[in-house]
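Fold and geometry: a report
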Amino acid sequence: MNYPVWNVPILGSGLVVAIIAIIHILISHLAVGGGAFLAVAEWWASRQADPERIRAFLRKFVTYFLVYTTVFGATTGVGIWFSIQLANPEATSLLIHQFVFAWATEWVTFIGELTVLYFYYYGWHTNSRRMQLVLAILYFVIAWFSLFIINGILTFMLTPGGWTLENRDIVAGFFNPGYWPALFIRTLVMLTLAGLFGFVVATRVDDDLKERIIGFAARFVVPAALLMPLFAAWYWFSLPVETHTMWHNGIVGVAGGRLEAITRYSWLAAITGGLIVIGTLIIAWKPRATTTTAAIALLATAQLSMLGGEFFREMARKPFVIRGVLYSNGLWKAPSKAPVALDQPYFESTRWEPDHATPGSAAHGEWIYRLQCASCHTLDGYRSLAARTAQWTPGFGDRFLQNLNQQGVMPPFQGNSQDRAALVAYLISLHGKPVAAAEVEATLAKEAKP
Amino acid sequence: MTALVALLAAAPLPAPDPLGFPAAPVLLQGLAYLTFTLHLLAMNFTVGGAVLLLIARLRRDEPSVHFWATALPLGFSYLVTLGIPPLLFVQVLYGQLFYTSSVLIGGFWILVIPLLILAYALLYAHKLTHESRPRFQTVFVAVALLAMLFIGFIYVNNLTLLQTPGRWLAKYTAHPGGMTLNMEEPTHGPRYLFFILPAFAVAGLAFMLRGAYLSRWGHAEEGQRSRRLGFVSVVVGAVGVFIGAAGLLATFPAHIRTFVLGGGLPTGLLTAAVAAAVVGLVLAFAARKAQGLLPIYAAILSFAAGLACVVVLRDQVRGAYLAPYFQLRDVPVNVQYGMLAVFGASLVAGLGLLIVLLVKVARPIAAKHVVVR
């Protein structure tokens, strides 16, 4: 274990990442799609009989857009950085060392889009209309390019393609099998969000204009929604076989009361996606009756859809954080990268052995939990271990740990029989009846005798 | 020697990333220095500006309030955005140390994000409502300022913990969730002041620059006032920095003090920084009275050069702290030529675009937002 593990009570570090990320993902997609909206609307306004009224709407749109995307978008983007380095330093380090110049290039696009947006917004009364159109187009192109870059790194984590630790082939890793379908999906998502955001702002203007703006904004949502299943299917077929199996097991398992998380999240994304289409059609049909609350509710539905999509992506990666390379808890898949073989005393392979965790002590089990489990599980909150081990006996617990990676979503256990006994004792002790590791070992020894 | 061996044994140092450096460390350091200097300028502008805004609000100085109300959200967004590349490059260079210190104070480190959002939102709230609803505006700015000051304090804790691995294991044992800071660090107070107090100087210079443009655009009285007020702030900042620097030298461990004052590059950087600050101060004094833009731009350049020297010196000092544990030259280098070219090209394109925009559209925009209505 190279790094200490950040133990967040109740939430768990992974959920901290997720909370920040799903807020950011909605805003960042909107930040790009909104650029397309601005550019097309500038052009559209110039062809209407009352361009000034439409530009007054656009001024309102861009004010909300600017504050929302910069205050919450830029900061939560940095927030993802902060949270992933805390939750998964090993993976963040690998991504940084492989892709730092991609990220640095993306940073140039950030500062470019920010600057262009400011020139657009603050130049509202001084720039020519032509310049405003040019700036809006420029903003969209630069912002979309930032997506073009980050998409390579995001998809790399799930489908690294021909990249390996040895060849470090950045082109193969960047333009990996998931790259193109994901790029199209995200582009459609951002157009959808721009339309939905347009609905919200449209509810703040006079009725007759509202009707026209909603009609205009709906043209961003509907085509994107119609194309989405097509690209979703393409994306699906780019995913690893293991992901398909996991998802399929979820479907088959419903009858038996077992619905895999990955299946749940894909359904959430699909159902909310359908709701967005229905909601958009209703709004387009009755534009004057549309309230701000209704428009915000539709945007909130999109937020749920993003949640489903992003959790799906996370679950599809399990048990890895970088598929086939690095497990979620910072263990390298390649034995050459693991300091010692898996069944050796665990503390020999970690740099974070405390002085007092003598073999068999309560601290021994606790430290194994902290270093191996806590990156995904909390004791009694999100993915609670107390709940998951409520029925454990020493024998069951020991066998479970020996076959941990057979679950499909968890990495292998690192450590020998003494380490397993210490962890089992610690986990069973969570239920109010303290058990010593020695007792667990004694029970196991008794069970082992015929 | 035995003390050193015991220290090393107690420090659970993670191994550097197996991929190695994607470029020569000196290039990565250079990029980090450049972007960190820009980040510090934006940070100082925003933090110092928030203080000057508060003062202006209390003095009911409407023109100044209006200027800072517009400028601070902009400054804040560049402070955040310019903070990204130094964060990227520090992760490449010192990742295994930086991630560890971040995890060890994780509870506070993640707090940076809500504090950022709070400060940013309050500065925008102030900008959008300061004319219509003046009642809570002073509170908005005060809370935003406190949030920014606390963020800086968390940063100082992380970056000092990064270079003191001897404290790591005890901290991790006691605080698994990272609800701790590096409060035992003796250089904390002066280091914090040393990085925060230049805010007065940078914000003061910005205000003087505003004054110079106002004078140029025919608003002589307000221009003169802006330069005069700005200069007071510059003096406060410069004096503060010298006090902070003296405090820092006094609290450094003996071997670090010797490293800084014992000749060679570190002493040269220190001398250059002091010289640049003094020259900057003289130029700012000249710009206080003089017409034209040259003196104030020269003062700004001089201060920025001094700040850049401090940034390089800071990294050299970090190297001295880390010398027993880790040296950059121990990490293999696998140069990514293609990606370097892509980044370089994007940087050139970005700068080109910036220049075109500045030439084509910046002037009327700046005039509209700087000149008092």
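Remember, predicted model here, so these are calculated numbers, not experimental data. (Residues numbered from 1 in each chain as written. Chains lettered and ligands numbered in written order. Predicted model: local features only at pLDDT ≥ 70, side-chain atom pairs only at ≥ 80, totals over all residues.)

Once that is clear, we can look at the overall build of chain B. Summing up its helical and strand segments, chain B has 15 helices and zero strands in all. For chain B, whose C-alpha radius of gyration is 22 Å, the value lies close to the compact-globule estimate of 21 Å for 373 residues. In terms of overall dimensions, chain B has C-alpha extents of about 70 × 40 × 40 Å along its principal axes. Within the span of chain B, comprising 373 residues, buried residues form 47% of the whole. In chain B, of all internal contacts separated by at least 6 residues, the share reaching a separation of at least 24 is 80%. (Helix = DSSP H or I, 4+ residues; strand = E, 2+ residues; numbered from the N terminus. Rg over C-alpha atoms; globule rule 2.2 N^0.38 Å. Buried ≥ 20, exposed ≤ 12 C-beta atoms within 10 Å, placed from the backbone. Contact = placed C-beta atoms within 7 Å.)

Of regular secondary structure, chain A possesses 15 helices and two strands. Along the longest, intermediate and shortest principal axes, the C-alpha atoms of chain A span 90 × 45 × 35 Å. Every one of the 450 residues in chain A was classed for burial, and the buried ones make up 53%.

Now for unusual backbone geometry. Residues and elements named next belong to chain A. A cis amide bond, omega 0 degrees, links Lys-318 with the succeeding residue Pro-319. Positive phi, normally seen in glycine, also occurs at Ile-10, with a value near 65 degrees. Inspection of the secondary structure assignment puts Ile-10 in the segment before α1 (13–46). The class of Ile-10 is exposed, set by 11 C-beta atoms lying within 10 Å.

Right, let's talk about the domain arrangement of chain B for a bit. All names here are of chain B. In terms of domains, chain B is made up of domain 1 (22–183) and domain 2 (186–333). Taking only C-alpha atoms, the centre of domain 1 and the centre of domain 2 are 18 Å apart. Contact with domain 1, which involves 26 residues of that partner, is made by 29 residues of domain 2. Listed by contribution, the elements that provide at least two residues to the side of domain 1 that touches domain 2 are α2 (25–58), α3 (62–82), α4 (84–104) and α7 (137–162). Tallying contributions element by element places α2 first for the side of domain 1 that touches domain 2, with 14 residues. (Domains from an automatic or database assignment.)

All names here are of chain B. Position of Gly-244 relative to the elements: it lies in helix α11 (residues 220–251). For Gly-244, a count of 20 C-beta atoms within 10 Å translates into the label buried. Considered as a pair, Gly-244 and Pro-12 are 232 residues apart in the sequence and their alpha carbons are 32 Å apart. Other than its neighbours up to four places away in sequence, Gly-244 contacts Pro-190, Leu-193, Phe-194 and Leu-197.

For any two helices packed against each other, the geometry is given by the interaxial angle and the distance between the axes. All names here are of chain B. Direction vectors running N to C along helix α12 (residues 254–261) and helix α14 (residues 294–322) enclose 140 degrees, while the axes themselves pass 10 Å from each other. Accordingly, the angle class assigned to the pair α12 and α14 is oblique. Crossing hand, α12 versus α14: right-handed. Packed against α12, whose contacting residues are Ile-256, Phe-259 and Val-260, the element α14 presents Val-317, Ala-320 and Tyr-321 at the interface. Classifying every residue of the contact of α12 with α14 gives six nonpolar, no polar and no charged. (Axes fitted to C-alpha atoms, helices over the stretch in contact; angles between N-to-C directions. Parallel < 35°, antiparallel > 145°, perpendicular 65-115°, else oblique. Left-handed = near helix turned anticlockwise from the far one by under 90°. Nonpolar A, V, L, I, M, F, W, Y, C, P; charged D, E, K, R; others polar.)

Here we take up the domain arrangement of chain A. Residue and element names in this part refer to chain A. Domain parsing of chain A yields domain 1 (13–327) and domain 2 (346–448). Each of domain 1 and domain 2 has a C-alpha centre, and the two are 40 Å apart. Between domain 1 and domain 2, the contact holds nine residues from the first and eight residues from the second. With three residues, α1 is the single largest residue contributor to the side of domain 1 that touches domain 2. Here the side of domain 1 that touches domain 2 is composed, by residue class, of five nonpolar, three polar and one charged.

All right, on to the interface of chain A and chain B then. The accessible area lost on association of the parts is a frequent measure of interface size. At the junction of the two partners, chain A supplies 58 residues and chain B supplies 58 residues. Looking at the side of chain A that touches chain B, the elements with two or more residues in it are α1, α2 (51–87) and α3 (89–122) of chain A. For the side of chain A that touches chain B, the element with the highest residue contribution is α3(A), accounting for 23 residues. Here the residues of the side of chain A that touches chain B sort into 36 nonpolar, 18 polar and four charged.

We now examine the nonpolar core. With 262 residues, the main nonpolar core has A:Tyr139, B:Ala119, B:Ala144 and B:Leu205 as its most contacted residues. The leading source of residues in this core is α3(A), at 20 residues. Contacts of B:Ala119, omitting those with residues within four sequence positions, involve B:Phe76, B:Ala144, B:Ala147 and B:Met148. (Core = buried A, V, L, I, M, F, W, Y, C linked by C-beta atoms within 7 Å.)

All names here are of chain A. Mapped onto the secondary structure, Ile-251 falls in helix α8 (residues 241–253). Judged by the 13 C-beta atoms lying within 10 Å of it, Ile-251 is partly exposed. Here the alpha-carbon distance between Ile-251 and Gln-98, two residues 153 residues apart in the chain, equals 37 Å.

Residue and element names in this part refer to chain B. Within the secondary structure, Asp-61 sits in the loop between α2 and α3. Judged by the 17 C-beta atoms lying within 10 Å of it, Asp-61 is partly exposed. Considered as a pair, Asp-61 and Asn-158 are 97 residues apart in the sequence and their alpha carbons are 38 Å apart.

Before going further, it helps to spend a moment on the confidence of the model for chain B. Should pLDDT be low for a region, the predicted coordinates there are not to be read in detail. All names here are of chain B. Per-residue pLDDT for chain B has a mean of 94; in total, 96% of the residues score no lower than 70. The least confident element of chain B is helix α1 (residues 2–10), whose mean pLDDT is 51; the most confident is helix α5 (residues 106–109), at 98. Here the predicted complex scores 0.94 on pTM and 0.95 on ipTM. (pLDDT = per-residue confidence, 0-100.)

Moving on to the packing of helix α13 (residues 394–402) of chain A against helix α14 (residues 417–429) of chain A. Residues and elements named next belong to chain A. Two numbers describe how α13 lies on α14: the axes approach to 9 Å, and their chain directions differ by 125 degrees. Classed by the angle they form, the pair α13 and α14 counts as oblique. Two packed elements cross with a definite hand, and for α13 against α14 that hand is right-handed. Here Pro-394, Gly-397, Asp-398 and Leu-401 of α13 lie close against α14, whose contacting residues are Arg-420, Leu-423, Val-424, Leu-427 and Ile-428.

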